[in-house]
Amino acid sequence: MTKALMARLDRLLANLGYGSRKDVQALVASGKVALDGKILKDSGARIAVDAALPERMTIRGAAVDPPAPLVLLMHKPLGVTCSHKEDGEKIYDLLPRRWRLRDPGLSTVGRLDKDTSGLILITDDGDFLHRVISPKRHVPKTYLTTLDRALKGSEGEVFAAGTLMLEGEEKPLLPAQLDVVDGKTARLTITEGRYHQVRRMFAAVGNHVVTLHRERIGGLTLPADLEPGRYRILPANEAEAVFDV
Ligand code: URA
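What comes next is a walk through the structure. (Residues numbered from 1 in each chain as written. Predicted model: local features only at pLDDT ≥ 70, side-chain atom pairs only at ≥ 80, totals over all residues. Heavy atoms only, no water.)

### Overview of the site of the ligand
Right, so step 1: Taken together, L112, D113, T116, Y143, H196, Q197, V198, R199 and L212 make up the full set of residues near the ligand.
Right, so step 2: One nitrogen or oxygen atom from the side chain of D113 is found 2.7 Å from a nitrogen atom belonging to the ligand.
Right, so step 3: Here Q197 contributes a backbone N or O atom positioned 3.4 Å from an oxygen atom of the ligand.
Right, so step 4: In this structure, the ligand is accommodated by the largest pocket.
Right, so step 5: In terms of residue count, the dominant contributor to the shell around the ligand is helix α6 (residues 197-204) (three residues). (Near = heavy atom within 4 Å. Polar contact = N/O pair within 3.5 Å; in protein donor to acceptor, adjacent residues only side chain to side chain. 1 Å grid on protein atoms, 1.4 Å probe; cavity = no way out; pocket = protein on both sides within 12 Å on 5 of 7 lines; lining within 4 Å. Sits in = over half its atoms within 2 Å of the grid points. Helix = DSSP H or I, 4+ residues; strand = E, 2+ residues; numbered from the N terminus.)

Here you go:
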């Protein structure tokens with residue numbers, strides 16, 4: 001359970017995207033906000049904020065959005081970008097609209113290419129994000145990949161050697177593990193997050209990635225019943241399982 005922090009009601013709701021401070025003051029004054037079943041009338045009231053808040057507070061009769069810190073586990077579909085800026089459909093478009101106005105804002109933990117599907121974490125917790133992507137932690141990520149050409153048989157050794165240089169880079173890749181599924185399908189586990197790393201690794205051994213899907217980050221696996229585009233809120237203890245490897 002996260003430690004409860006105290007926050008002014010109007011600031012809390014504005015930071016959750018319910019409107020400007022003025023908007024939420026009007027919302028409170030109109031009796032639309034309740035805590036433990038009692039209407040709150042004072043928008044300056046100090047509220048204990050923890051992960052259980054949605055079980056206690058309602059806005060217009062609906063549970064309040066989960067407060068920060070928030071970690072989401074999403075099944076990223078193909079065709080959406082992890083960027084806030086690029087054109088086209090964004091992963092953030094798959095979240096409730098109001099969440100775009102949250103402060104702190106939500107960001108993906110690292111990125112998947114537009115043409116990659118699978119497990120992605122989204123958070124407003126900068127400390128958590130940096131711990132996951134820190135190059136010092138070597139959190140393993142497993143990708144299921146289908147290839148254009150049949151595997152030669154030597155790729156596993158090349159990837160495991162820790163000497164493979166990607167084009168335009170100055171440092172060799174850390175050792176990676178290849179598990180062959182069949183002639184043109186394999187799982188690759190890497191512990192870095194270099195730009196287009198998996199695609200470039202297969203290009204370096206003369207192949208071409210046709211489909212790429214991330215199945216696992218550290219101790220977190222994409223649940224089989226989580227459809228593309230859907231997400232789950234991870235309680236803090238479950239999110240920390242990303243470091244269990
Ligand atoms: N490697 C890639 O090439 N693309 C991804 O999206 C992730 C890892």
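### As for α6
Right, so step 1: Residues Q197, V198, M201 and F202 constitute the buried set of α6. Relative to the axis of α6, the buried residues are bounded by an arc of 130° and lie together on one face.
Right, so step 2: Residues of α6 that are buried in the fold lie against β10 (141-147), α5 (155-160), β11 (177-182), β12 (185-190) and β13 (209-217).
Right, so step 3: Two residues or fewer after α6 comes G206, characterised by a positive phi angle close to 80°. (Buried < 20%, exposed > 50% of the residue type's maximum accessible area, 1.4 Å probe, protein only. Arc of directions from axis to C-beta. Contact = heavy atoms within 4.5 Å.)

### Some thoughts on the side chain of H75
Right, so step 1: With respect to the secondary-structure elements, H75 resides in strand β7 (residues 71-76).
Right, so step 2: A polar contact of 2.7 Å, which involves the side chain of H75, links it to the backbone oxygen of L226.
Right, so step 3: The contacts of H75, once residues within four sequence positions are left out, are G118, H213, L222, L226, E227, P228, G229 and R230.

### Some words on the pairing of β11
Regular strands show a simple pattern: their side chains alternate between the two faces of the sheet.
Right, so step 1: Strand direction decides the pairing type here: β11 and β12, joined by five bridges, are antiparallel. Its bridge partner lying in β12, V180 is registered against A186.
Right, so step 2: The antiparallel pairing of β11 with β12 creates a hairpin that spans two residues between the two strands. (Pairing = 2+ DSSP bridges.)

### Things to note about the packing of aromatic side chains
Right, so step 1: Inspection of every chain in the model, using the stated rule, returns three aromatic pairs.
Right, so step 2: Arranged with centres 6.1 Å apart and planes meeting at 75°, the rings of F128 and F243 form a pair that is edge-to-face. Here F243 lies in the segment after α7 (236-239) and F128 lies in helix α4 (residues 126-133), a separation of 115 residues in the sequence. Accessibility classification places F128 together with F243 in one group, the buried group.
Right, so step 3: For the ring pair F159 and F202, a centre distance of 5.3 Å and an interplane angle of 90° mean the geometry is edge-to-face. On the criterion of sequence distance, the pair formed by F159 in helix α5 and F202 in helix α6 is long-range, its members being 43 residues apart.
Right, so step 4: The class of F159 is buried, set by a relative accessible area of 2%. (Phe/Tyr/Trp six-rings, centres within 6.5 Å; stacked < 30°, edge-to-face > 60°.)

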